[in-house]
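# Overview (structure and organization)
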Amino acid sequence: MTTKNNSRRRFLRTGTQVIAGAGLALGADPALTLAQAADGGLDTNGDYRALVCVYLQGGCDGFSLLVPTGNAEYHAYASSRGQLAISRNNLIELDDLTGNSPPAGLHTSASALQPLFNDGRLAMIANIGNLVEPTSKEAYENGSAIVPTQLFSHSDQEIQWQQLQGRNRGQEGWGALAADYLSAYQSRDYLTSISLAGSNYWQAGTGQRPFSMTESGVLKYAGLGQVSDWERPRTEAFKRVLDLPRRHVFTRAYADLQKRAMSITTELGAVLESNAGLLGESPIENELAAKLGMVAQLIAAQDKLGMRRQIFYVRMTGFDVHDNQNREQPELFAQLAEALAYFQDALDELGQSENVTTFTASDFGRSLTSNGDGTDHGWGNHLMAMGGAVRGGRIYGTMPRLEVDGPDSVHNGRILPTLSASQYASTLLRWLGLDDSQLDHVLPNLGNFPTRDLGFMA
């Protein structure tokens, strides 16, 4: 009898995970929710905060987005990059608000970001990478450093960057683990974590699942509407089937899940429809801007939905520029900058600028050396944080010397990171409201680094 019950439990657990993977919304693990309620947990003070991850899939070349402009530093960069180097004429000098950042310029295609940086709402964070512990060039080359496995592999580093659970891949994303702490204090826990790019490793876990949407809104059941004469009877028949009495625990759970999903999508769709026209049109032919526009609509509805903390995930592809880098990369930077500027303008219109922080992430940076017409997979990278709560207008961290055989370069022109992605994540999650013990759980490598907060959040 015990064996039969255990098998049933395993079957139900596996089945529930499969259903969640299909994009249906599930709440937090009840045991986890009760434990959090007993502990008191996160104190939101009734305010609203949201974290928006913009994942640049393929390995965005941050060393072309942000380029040193000091004479010696630029010369080293230009010599290393050869025909792929961005000319000085195609760089926009950034105005450092503090006077402490090294001279640097943005790629001219990303000009839409310059006003945000100069106004203090955009920060550049230099040379971040997936690290298990602080790593020197000597320790890396003699093999004494503990480093992530398969460092220059997309499939491995995309997972590890979004999980940050150790040397190898884990089971939970750091976004999912953070959402577990946040979800118990929301009127609608299933909207704590929202993805506009389908399944991803950042929000994947065994607790709170992400709610999937598209830039057009909620995902609807095909052929089950209330508009046409032929859809309406089908919808009513489907609902009657779900309401039939069931003895089997799995079929009953499945029917309950379907009913809940239909109720959620109907409610959320109505809320979004009531906010239609609140924002201006997103830039044409910019998919990232359209997705961020939907994020802005969801943020506008946070009070109606009773939300206090949320995380969002959007993705932009195309950054694996092994070929045609000089042609493709400017287009990518232009779309990225246009989308981020549009999103920040939308948040300003909604009065939510101080409450929303947007950050970029990517598999890794690119190599300094050219493979002829592009670059190969790298390690360290320059990333960005944007929002009213960001202490912008400066470059955080240390700009590396972009020299193939220089002190910051390893393994064929790949730049060794000086800041850990765990430190970057910790700075963002601390602003969201997680305390030190929660951060240590979400980011188990964080304790290996002397600085837990990089200082770019107010």
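Residues numbered from 1 in each chain as written. Predicted model: local features only at pLDDT ≥ 70, side-chain atom pairs only at ≥ 80, totals over all residues. Heavy atoms only, no water.

## Overview of the overall build of the protein chain
For the protein chain, the count of helices and strands is 15 helices and 17 strands. Across the 458 residues that make up the protein chain, the buried fraction comes to 55%. For the protein chain, the proportion of contacts with a sequence separation of at least 24, taken over those separated by at least 6, is 73%. Put simply, the protein chain shows about 19100 Å² of open surface, and 49% of that area lies on carbon and sulfur atoms. (Helix = DSSP H or I, 4+ residues; strand = E, 2+ residues; numbered from the N terminus. Buried < 20%, exposed > 50% of the residue type's maximum accessible area, 1.4 Å probe, protein only. Contact = heavy atoms within 4.5 Å. Areas by Shrake-Rupley, 256 points an atom, 1.4 Å probe, with all protein chains shown as cover.)

## Points about the sheet that holds strand 2 (residues 66-68)
Across the sheet, which stays open at both edges, the three strands sit in the order 2-4-3 with antiparallel pairing between neighbours. Because the sheet does not close on itself, it has two edges, and the strands there are strand 2 and strand 3 (91-93). Here the average twist between neighbouring strands, direction ignored, is 40 degrees. Bridge count for strand 2 against strand 4 (residues 104-107) is three bridges, and the pairing is antiparallel. Note on strand 4: the bridge partner recorded for Pro 68 is Ala 104. (Pairing = 2+ DSSP bridges. Axes fitted to C-alpha atoms, helices over the stretch in contact; angles between N-to-C directions.)

## Remarks on the packing of helix 11 (residues 287-300) against helix 13 (residues 325-350)
Where helix 11 contacts helix 13, the axes come no closer than 9 Å and their chain directions differ by 15 degrees. By the angle class used here, helix 11 and helix 13 are roughly parallel. In the packing of helix 11 onto helix 13, the handedness of the crossing is right-handed. Along its contact with helix 11, which presents Leu 288, Ala 289, Leu 292, Gly 293, Val 295, Ala 296, Ile 299 and Ala 300, the element helix 13 presents Leu 336, Ala 339, Leu 340, Tyr 342, Phe 343, Ala 346, Leu 347 and Leu 350. Taken together, the residues that form the contact of helix 11 with helix 13 break down as 15 nonpolar, one polar and no charged. (Parallel < 35°, antiparallel > 145°, perpendicular 65-115°, else oblique. Left-handed = near helix turned anticlockwise from the far one by under 90°. Nonpolar A, V, L, I, M, F, W, Y, C, P; charged D, E, K, R; others polar.)

## Some remarks on the side chain of Arg 209
Take Arg 209: it is sitting in the loop between strand 6 (193-195) and strand 7 (211-214). From its side chain, Arg 209 meets the backbone oxygen of Thr 206 in a polar contact 3.3 Å long. (Polar contact = N/O pair within 3.5 Å; in protein donor to acceptor, adjacent residues only side chain to side chain.)

## Observations regarding the packing of helix 9 (residues 231-242) against helix 10 (residues 249-274)
Two elements in contact, helix 9 and helix 10, have axes whose closest approach is 9 Å; the angle formed by their N-to-C orientations is 140 degrees. Taken together, helix 9 and helix 10 sit at an angle that is classed as oblique. From helix 9, Phe 238, Lys 239 and Leu 242 reach across to helix 10, where they touch Ala 255, Gln 258, Lys 259 and Met 262.

## Structural notes on the pairing of strand 13 (residues 381-386)
Here strand 13 lies mainly inside the structure; six of its six residues are buried. Burial along strand 13 is two-sided: Asn 381, Leu 383 and Ala 385 and His 382, Met 384 and Met 386, pointing in opposite directions, are all buried. Where strand 5 (residues 122-129) lies against strand 13, five bridges are found, and the strand directions are antiparallel. Pairing of Ile 125 across the sheet is with Leu 383, part of strand 13. With two bridges connecting them, strand 10 (residues 356-362) and strand 13 associate as antiparallel partners. Looking at strand 13, one finds that Phe 359 is bridged to Ala 385.

## Topic: the pattern of salt bridges
Taken as a whole and assessed by the stated rule, the structure comprises 17 salt bridges. Here Asp 256 and Lys 259 are joined by a salt bridge, their closest N and O atoms 3.9 Å apart. Of this pair, Asp 256 and Lys 259 both sit in helix 10, three residues apart, which is roughly one turn of that helix. Several salt bridges share partner residues, and in doing so they unite Arg 430, Asp 436, Asp 440, Arg 452 and Asp 453 into one network. (Salt bridge = Lys/Arg side-chain N within 4 Å of Asp/Glu carboxyl O.)

## What about the nonpolar core?
Of all hydrophobic cores here, the largest spans 62 residues; its most connected members are Leu 113, Met 213, Leu 268, Leu 292, Phe 312 and Phe 343. Examining the composition of this core, we find that 11 residues originate from one element, helix 13, more than from any other. Aside from chain neighbours lying at most four places away, what touches Met 213 is Ile 194, Ser 195, Leu 196, Val 218, Leu 219, Leu 268, Leu 272, Met 294 and Leu 298. (Core = buried A, V, L, I, M, F, W, Y, C linked by side-chain atoms within 4.5 Å.)

## Details of the packing of aromatic side chains
Following the criterion strictly, the structure yields 12 aromatic pairs and no others. Judged by centre distance (6.5 Å) and plane angle (80 degrees), the ring pair of Phe 152 and Trp 379 falls under edge-to-face. Pair noted here: Phe 152 is in the loop between helix 6 (137-142) and helix 7 (154-163) and Trp 379 is in the loop between strand 12 (375-377) and strand 13, with a separation of 227 residues, a long-range link. There is no split in this pair, since Phe 152 and Trp 379 are both buried. Taken together, the ring pairs in this structure connect Tyr 55, Trp 161, Trp 174, Trp 202, Tyr 313, Phe 359, Tyr 396, Tyr 424 and Phe 456 into an aromatic cluster. (Phe/Tyr/Trp six-rings, centres within 6.5 Å; stacked < 30°, edge-to-face > 60°.)

## As for helix 10
In this model helix 10 runs 38 Å from its N-terminal to its C-terminal C-alpha over 26 residues, within 8% of the 38 Å that 1.5 Å per residue would give. Among all positions in helix 10, only Phe 250, Ala 255, Leu 257, Gln 258, Ala 261, Met 262, Ile 264, Thr 265, Leu 268, Val 271 and Leu 272 are buried. (Expected span 1.5 Å × (residues − 1).)

## Observations regarding unusual backbone geometry
Positive phi, normally seen in glycine, also occurs at Leu 164, with a value near 55 degrees. As for its position among the elements, Leu 164 is in the loop between helix 7 and helix 8 (174-182). The phi dihedral of Asn 324 falls on the positive side, at around 50 degrees, and the residue is not glycine. For Asn 324, a relative accessible area of 30% corresponds to the partly exposed category.

## Details of the pairing of strand 10
With respect to burial, strand 10 is a largely interior element, seven of its seven residues being buried. Burial along strand 10 is two-sided: Val 356, Thr 358, Thr 360 and Ser 362 and Thr 357, Phe 359 and Ala 361, pointing in opposite directions, are all buried.

## Some points on the side chain of His 377
As for its position among the elements, His 377 is in strand 12. Side chain to side chain, His 377 and Asp 320 meet in a polar contact 3.4 Å long. Filtering out sequence-adjacent residues up to four positions away, His 377 remains in contact with Phe 152, His 154, Asp 320, His 322, Phe 364, Gly 365, Arg 366, Ser 367 and Arg 414.

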